[in-house]
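Here are the chains, one letter per residue:
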Amino acid sequence: MDRNHNFYFMEMNTRLQVEHPVSEMITSTDLVEWQIKVAAGERLPKLQEEIHLNGHSFEARIYAEDPSNNFMPGSGHLKYLKTPKPSEHIRIETGVKEGDDVSVYYDPMIAKLVVWGPDRNSALRKLQTALSEYNIAGLNTNVNFLMVLSRHPEFKAGNVHTDFISEHYDELFSRNSITDQLLCEAAFAIVRHNKNNYNTADQYPAFGVGTGQRVNHNYSMKLKLQHGHESTDVLITYQGIEQIVVQINDKSYSVSNALNEPDGEIQFCNIDGTMHKSKIIVDNNRIYLFTTNGSYELQIPLPKFFSASVSGESSKGADSPMPGVVEKIFVKEGDKVNEGDPLVVMIAMKMEFVIKAPNSGVINKILFKPGDTVDKNVSLIEFQATV
């Protein structure tokens, strides 16, 4: 505050920046160690002219966020987490592990992935490979977006600037459709999962055997696999142990086990004579596929009566766009609101979000109070829309 009582804010950022591992990788230094030595009264180990740059480094921040929804920060349970193997040239800085929760109270960064190569092209290739090996299930992340970004021709050419995403938006966010090959891999993973998880405690498992074997006929199973808003009907016909025919629309594919991999998450399957390798996790009605081109989440839709009882039918009102804490409520029951009027303020990931009325109407019920913690897509306010 100055002599005229004008108030100013000045941020003193006396710390290492998030990008400091890049500097360390190309200078072979430990800047944290240097900070400690200086704090202890020692001299810097090297002078500026003694520091030499070597090679190229990239840092990718792995975030719990939804790039397709304006990079909306998220939170949730890290149901599955596998990272590339750290080495001299691959560095992972993280504070979470599989089974942890990404909280709504802190920054949603999961990890920093840092790679080094003798030149920019080799470092970029190493980054692309490491990103494909950074496999996460349970919440939205930006890993797929980072993979697409790192493979963009203009990014590879080094033509990067602050408007890069908006300039190349259509290419970076193009629709990632599911292919028949991936559907076949998912179908085969479901068959193997059923075979390996039948009720072994049953002494006479007449209905629990998951091999699909039948007498005098081939057993068939119909599935609906959903990827985002895209849904595909799949017919699986058993031909033997770990041998199936997958019919998708008017095409049929012969799928069988190609190699028994000790790591149960890695699947090698033969699709019409071509071997395909992928990492697949089957978790209840969800199938997670991790490939060199990115990850895919498929879902077997639950019956309507079951999904409604489990997740609840969201009433026509204002829903939370992400997990967070209710900070303010601007309306009360019985109020009339117009489309776009502010209803609720939520706080999440150190950011403030205003939830507005999706339609004009009358407030019927306020479901939460300030200070309450809510999950994503939870109805905050019920109201009757006016025609």
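Residues numbered from 1 in each chain as written. Predicted model: local features only at pLDDT ≥ 70, side-chain atom pairs only at ≥ 80, totals over all residues. Heavy atoms only, no water.

Looking at the confidence of the model for the protein chain
On average, residues of the protein chain score 87 in pLDDT, and 89% of them are at 70 or above. Long-range and interchain partners of residues 204-208, a stretch whose pLDDT sits below 50, account for three contacts in this model, where long-range means more than four residues apart. Counting contacts from residues 305-315, a segment whose pLDDT is below 50, to residues more than four positions away or on other chains yields seven contacts. (pLDDT = per-residue confidence, 0-100. Contact = heavy atoms within 4.5 Å.)

Some details on helix α3 (residues 120-132)
Across its 13 residues, α3 extends 18 Å between first and last C-alpha, which sits within 8% of the 18 Å expected from 1.5 Å per residue. For α3, the complete set of buried residues consists of Ser122, Ala123, Leu124, Leu127, Gln128, Ala130, Leu131 and Ser132. The inward-facing, buried residues of α3 abut β1 (56-63), β8 (109-117), β9 (135-137), α4 (143-150), α5 (153-156) and β16 (286-291). Regarding α3, its N-cap is Asp119, as a side-chain oxygen of that residue lies 3.3 Å from the backbone nitrogen of Asn121 further along. (Helix = DSSP H or I, 4+ residues; strand = E, 2+ residues; numbered from the N terminus. Expected span 1.5 Å × (residues − 1). Buried < 20%, exposed > 50% of the residue type's maximum accessible area, 1.4 Å probe, protein only. Polar contact = N/O pair within 3.5 Å; in protein donor to acceptor, adjacent residues only side chain to side chain.)

A few points about the pattern of salt bridges
Close approach of charged atoms allows side chains of opposite charge to pair. Tallied over the full model, the rule gives 14 salt bridges. Here Asp100 ties to Lys97 by a salt bridge, and the two come within 3.4 Å at their closest N and O atoms. With relative accessibility at 54%, the residue Lys97 sits in the exposed group. In this structure, Glu242 engages Arg192 in a salt bridge whose closest nitrogen and oxygen atoms are separated by 3.5 Å. Here the residue Glu242 occupies a position in the loop between β11 (230-240) and β12 (243-248), and Arg192 occupies one in helix α8 (residues 180-196), the gap between them amounting to 50 residues. With a relative accessible area of 15%, Arg192 lands in the buried category. Shared partners join several salt bridges into a network, and the residues in it are Glu24, Arg91, Glu93 and Lys112. (Salt bridge = Lys/Arg side-chain N within 4 Å of Asp/Glu carboxyl O.)

A short note on the packing of aromatic side chains
In total, this model carries eight aromatic pairs according to the counting rule given. Measuring from ring centre to ring centre gives 6.1 Å for Phe71 and Phe173, while their planes differ by 80°; the resulting arrangement is edge-to-face. In this pair, Phe71 sits in the loop between β2 (65-66) and β3 (72-73) while Phe173 sits in the loop between α7 (169-172) and α8, placing the two residues 102 residues apart along the sequence. Assessed through its relative accessible area of 25%, Phe71 is described here as partly exposed. Through pairs of rings, three or more aromatic residues link up here, namely Phe71, Phe145, Tyr169 and Phe173. (Phe/Tyr/Trp six-rings, centres within 6.5 Å; stacked < 30°, edge-to-face > 60°.)

What to know about the sheet that holds β8
Backbone-to-backbone hydrogen bonds join strands into a sheet, with any given pair of strands oriented parallel or antiparallel. Strand order in the open sheet formed by three strands is β1-β8-β6, with antiparallel pairing between adjacent strands. Here the strands that pair on one side only, and so sit at the sheet edges, are β1 and β6 (90-94). Neighbour-to-neighbour, the strand axes of the sheet open up by a mean angle of 15°, direction not taken into account. Direction of pairing for β6 relative to β8: antiparallel, over a ladder of five bridges. Paired with Thr94 across the strands is Ala111, a residue of β8. Each of β1, β6 and β8 touches α3; the most contacted strand, β8, lies at about 145° to it. (Pairing = 2+ DSSP bridges. Axes fitted to C-alpha atoms, helices over the stretch in contact; angles between N-to-C directions.)

Regarding the side chain of Ser132
Among the secondary structure elements, Ser132 is positioned in helix α3. Residue classification places Ser132 among the buried positions, given a relative accessible area of 15%. Those residues in contact with Ser132 that sit more than four places away from it in its chain are Met147, Thr291 and Thr292.

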